[in-house]
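Given next are the chains, with one letter for each unit.
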Amino acid sequence: MSEEHWVFVCESDGLEDEEALRFDHGGQTFAIYNLAGEIFATDGHCTHEKQHLADGLVYDGIIECPLHMGQFDIKTGEAISG
């Protein structure tokens, strides 16, 4: 992918380890994560009721939805529990 398609979100050192940041762009919401210095992005909404995942708890590479505690693997996007 060429750099013309990249969108600046924040400085890489502006996101603490196991922190999530909500980012809205182009009519979509994303969640940006820092896992031990690696930056990941997922859809910003939980699959249940469109709750913002960036408001959830990040631990051990998992994001937990703040509404109903659904869990997703941040690196793969796989749903771990519903």
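Note: the structure precedes this text.
For every chain, the first residue of the written sequence is number 1, and numbering continues from 1 onward in sequence order. Selection of residues for local features in this predicted model requires a pLDDT of at least 70, selection of side-chain atom pairs for listing and counting requires 80 or more, and totals for whole chains, interfaces and linings are taken over all residues. The side-chain quantities take in all heavy atoms of the structure and omit both hydrogens and water.

## Here we look at the overall build of the protein
Worth spelling out the cut-off: Only DSSP runs of H or I covering at least 4 residues are called helices, and only runs of E covering at least 2 are called strands; the numbering of each starts at the N terminus. The reference for a compact globule is 2.2 Å times residues^0.38; the radius of gyration itself is calculated from the C-alpha atoms. Think of it in three bands: with a 1.4 Å probe and only protein chains considered, a residue is buried below 20% of the maximum accessible area for its type, exposed above 50%, and partly exposed in between. In what follows, residue pairs with any heavy atoms lying within 4.5 Å of each other are defined as contacts.
What the protein contains, in helices and strands, is zero helices and seven strands. Beginning at the N terminus, the succession of helices and strands in the protein can be written as β-β-β-β-β-β-β. Taken over C-alpha atoms, the radius of gyration comes to 12 Å for the protein, in line with the 12 Å a tight globule of 82 residues would show. Taken over the C-alpha atoms alone, the protein extends approximately 35 × 30 × 20 Å along its principal axes. In the protein, which comprises 82 residues, the proportion classed as buried is 32%. If you take every contact in the protein between residues at least 6 apart in sequence, the share linking residues at least 24 apart comes to 18%.

## Things to note about the sheet that holds strand β1 (residues 19-25)
As a reminder of what qualifies: By this definition, two strands are paired if DSSP reports at least two bridges between them. Comment: axis = line fitted to C-alpha atoms, over the contacting stretch for helices; angle = value between 0 and 180 degrees taken between N-to-C directions.
With respect to topology, three strands assemble into an open sheet ordered β1-β2-β3, the strand pairing being antiparallel. Two strands lie at the open edges of the sheet, namely β1 and β3 (38-43), each paired on one side alone. Pairwise comparison of adjacent strand axes, ignoring direction, gives a mean angle of 25° for this sheet. Pairing geometry for β1 and strand β2 (residues 28-35), over seven bridges, is antiparallel. Each bridged residue has a counterpart across the sheet, and for L21 the counterpart in β2 is I32.

## A look at the sheet that holds strand β6 (residues 71-73)
A sheet is described by the order of its strands in space; here four strands give the open sequence β4-β5-β6-β7, paired in antiparallel fashion. In this open sheet, the two edge strands, each paired with only one partner strand, are β4 (57-59) and β7 (79-81). Across this sheet, the average inter-strand angle for adjacent strands is 25°, counted without regard to direction.

## Some points on the environment of F72
Along the chain, F72 turns up in strand β6. For the pair F72 and L53, spaced 19 residues apart in sequence, the C-alpha separation works out to 9.6 Å.

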